[in-house]
Amino acid sequence: MKPTIVAKGVKLSRRLREHVIHRLSLTLDRKHYSIQAMKVRISDQNGPKGGIDKHCQLHLTLPGLPTVVVTEKGDDIAAMVDQAAHRAAQAIDRLLSRAKSIRHTKYTVPVTEAALI
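Within each chain, residue numbers correspond to sequence positions counted from 1 in written order. For this predicted model, a pLDDT threshold of at least 70 governs which residues receive local features, and a threshold of 80 or more governs which side-chain atom pairs are given and counted, while totals over whole chains, interfaces and linings are taken from all residues. Each side-chain value is worked out from all heavy atoms of the structure, with water and hydrogens disregarded.

1. As for the environment of Leu 16
The helix count covers DSSP runs of H or I at least four residues long, the strand count covers runs of E at least two residues long, and both are numbered beginning at the N terminus. As for its placement among the helices and strands, Leu 16 is situated in helix H1 (residues 14-29). By relative accessible area, Leu 16 is classed as buried at 18%. Counting along the chain gives 62 residues from Leu 16 to Ala 78, while the straight-line C-alpha distance between them is 7.2 Å. Think of it in three bands: with a 1.4 Å probe and only protein chains considered, a residue is buried below 20% of the maximum accessible area for its type, exposed above 50%, and partly exposed in between.

Put into structure tokens, the structure is as follows:
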């Protein structure tokens, strides 16, 4: 799945865009998540003033599950994307394990004595 990348206040070079796509595909496609939509928002809050003011936000849409949103803040865009992708994979793993445990407890069939005879 190719992500939609939105940059606000930041110029993303072709190389940096390729890094974002490559890193997300390595981290998220490797586990075969069925991600329907992937959106990456990268913004610079202060513009040319500098400082730790860049934000990276990942929105991942999974079928039948809540949207996963991960936000990272820092000064290096590549490092923020790496960390956000790692955290998104962990969040999806947790979400899927919770969904599996809920499904198992929700659909258990009670056994009565009449069914055993």
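2. Considering H1
In this model, H1 (16 residues) spans 21 Å end to end at C-alpha, consistent with the 22 Å of a helix rising 1.5 Å per residue. Residues of H1 that are buried: Leu 16, Val 20, Leu 24, Thr 27 and Leu 28. Looking straight down H1, one finds its buried side chains confined to an arc of 80°; they lie on one side. Along H1, exposed side chains directed more than 90 degrees from the buried face belong to Arg 14 and Arg 15. A helix is expected to span 1.5 Å multiplied by its residue count minus one. By arc we mean the arc of the directions from the helix axis to the C-beta atoms, nothing more.

3. Here we look at the pairing of strand E2 (residues 37-44)
Two strands are said to pair when DSSP picks up at least two bridges between them. Note: strand E1 (residues 4-8) against E2, five bridges, orientation parallel. When the sheet's bridge partners are listed, Lys 8 is paired in E2 with Ser 43. Pairing of E2 with strand E3 (residues 54-61), which is carried by eight bridges, proceeds in the antiparallel orientation. Note that in E3 the partner of Arg 41 across the bridge is Gln 57.

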